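# Structural overview
Okay, here's what each chain looks like letter by letter:
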Amino acid sequence: MAALTAARTPAPEQGGGTRRPGPGPGRRRRGVRGTLWRAWRERSAYAFLAPGLILFSVFTVFALGFAFYLTFREWNILEPEKPFVGLQNYRDMVQDEDFRRSIINTAYFTGASVPLGMAVGLGVALLLNQPIRGRGLLRTLYFLPNITPFVVAAIVWKWLYNGDFGPINFYLLKTHLIREPLVWLSDKNLAMPAVVLMSVWASTGFSMVVYLAALQAIPHQLYESARIDGAGPWARFRYVTLPMLAPSTLFLMVMGIIGSFQVFTQIYIMTGGGPVNRTTTMVYYIYEAAFKFYEMGYASTLAYGLFVLLLVFTAIQLRLYRKADL
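This write-up is about the structure you can find in this document.

The rules behind the values
- Counting restarts for each chain, with residues numbered from 1 along the sequence as it is written.
- Thresholds applied to this predicted model are a pLDDT of at least 70 for local features of residues and 80 or more for the giving and counting of side-chain atom pairs; totals over whole chains, interfaces and linings are not thresholded and use all residues.
- The basis for every side-chain value is the complete set of heavy atoms in the structure, and neither hydrogens nor water enter the calculation.
- Each helix is a run of H or I in the DSSP string that is no shorter than four residues. Each strand is a run of E no shorter than two, and both are numbered from the N terminus.
- Buried, partly exposed and exposed residues are distinguished by accessible area as a fraction of the type maximum, computed with a 1.4 Å probe on protein chains only: under 20%, between the cut-offs, and over 50%, respectively.
- Any two residues having at least one pair of non-hydrogen atoms within 4.5 Å are treated as being in contact.
- Surface accessibility in these figures is a Shrake-Rupley result with a 1.4 Å probe; residues are shielded only by whichever protein chains are displayed.
- Helices are assigned an expected span. That span is 1.5 Å times one less than the residue count.
- Directions are taken from the helix axis to each C-beta atom, and the arc is the one they span.
- By convention a nonpolar core is built from buried Ala, Val, Leu, Ile, Met, Phe, Trp, Tyr and Cys residues, the set being connected through side-chain atoms within 4.5 Å.

## Some words on the overall build of the chain
Along its length, the chain carries 15 helices and zero strands. Across the 326 residues that make up the chain, the buried fraction comes to 32%. Expressed as a percentage of contacts within the chain between residues at least 6 apart in sequence, the contacts between residues at least 24 apart total 66%. Here the chain has roughly 21,400 Å² of accessible surface; of this, 66% comes from carbon and sulfur atoms.

As structure tokens, this is what we get:
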């Protein structure tokens, strides 16, 4: 028996230890073949993923890369020559007074529309969170502006603001709040507030839904404990409701700032950037540079400038939220 066991035991090599088969070229080929076989076996999954991956690669990855390439060239659609200009487009952007004006207009629009839309949405959510009759229908009606196409909404509001036959001027004159019709979209002091009002109307539904979901997720035990401790309605709202709504508030603020920095449709339809560039926002200015003056290189530079501003604002908001949370 011992002899049989010794015969089956492989002899050790010189230098000690048993010899182990290395990977070798044949094993590597088997690994590649195995990978290809697994890919072929899951070909149906790759086939379903392919359209999305192709669209993402062409219209996002390639588009971003090509836009960055354009920022270093004077790329005019009508000109055959596309010379390399280095950082000249970036220097022009920094020195462009019209671009700085568009940043101010965008900041004005953002600072007015985002907090106002969130406040109105919170008020409506608090109202519709109460056990009132027909609140399901009211929630639907308040959310309808959010799903209305922006082009349609902008056209309707442009008619409402009409200085000759618009309903807003009609009722303001009937109630003697004004003495003469107001040219809402042609007055440099009224054009932007008019666009802000329309945008708040359109965004209230989304804020309402987010806040309503957050309100319904607050445990009732917190309100009961606060009520037992003698907290009134305002104290419960301040020390229970608002802190519990902080994540939703951050989400709405970030999404609202990103969306308002990209405002375009209502500006394009209602004011066309006027009067005297008082409503020319950053995206509308980029649109003019690209499709009015055909300066694709400069327009791409402006677009990357907008991206950097959005990145900075978002990072600041997240940092402030983390500090407040700590």
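## A short note on the environment of V156
Tracing the sequence through the fold places V156 in helix α7 (residues 150-160). Of the residues examined, V156 reaches a relative accessible area of 41% and is grouped as partly exposed. Separated by 42 residues in the primary sequence, V156 and M198 place their C-alpha atoms 9.9 Å from one another.

## Here's the deal with helix α11 (residues 233-244)
Along an α-helix, a turn takes 3.6 residues, which lines up residues three or four apart on a common side. In a regular helix each residue adds 1.5 Å, so twelve residues correspond to 16 Å; α11 covers 15 Å between its end C-alpha atoms and thus fits that length. Looking at α11, one finds that the buried residues are R236, F237, V240 and T241. Buried residues along α11 cover an arc of 120° about the axis, so they all sit on one side. In α11, those exposed residues whose orientation departs by more than 90 degrees from the buried face are W234 and Y239.

## Concerning helix α14 (residues 282-291)
With respect to burial, α14 is a largely interior element, eight of its ten residues being buried. Here α14 has its buried residues at M282, V283, Y284, Y285, I286, E288, A289 and A290.

## Remarks on unusual backbone geometry
Of the consecutive residues G274 and P275, the connecting peptide bond is found in the cis state with omega at -10°. Along the chain, P275 falls in the loop between α13 (265-271) and α14. Backbone geometry at N277 places phi at a positive 60°, although glycine is not the residue there. With respect to the helices and strands, the residue N277 is situated in the loop between α13 and α14. By relative accessible area, N277 is classed as partly exposed at 39%.

## Focus: the nonpolar core
By size, the foremost hydrophobic cluster in this structure holds 19 residues, and its most contacted members are A125, Y211 and L245. For this core, the secondary structure elements donating two or more residues are α5 (97-128), α9 (191-216), α10 (220-228) and α11. Dropping the residues within four chain positions of it, A125 is found in contact with M208, Y211, L212 and L215. F261, A299, L302 and L306 belong to the second largest nonpolar core, which has 17 residues in total.

## Some remarks on the environment of F237
As for its placement among the helices and strands, F237 is situated in helix α11. Overall, F237 belongs to the buried group, its relative accessible area being 19%. Taking C-alpha positions, F237 is 9.2 Å from Y223, a pair spaced 14 residues apart along the chain.

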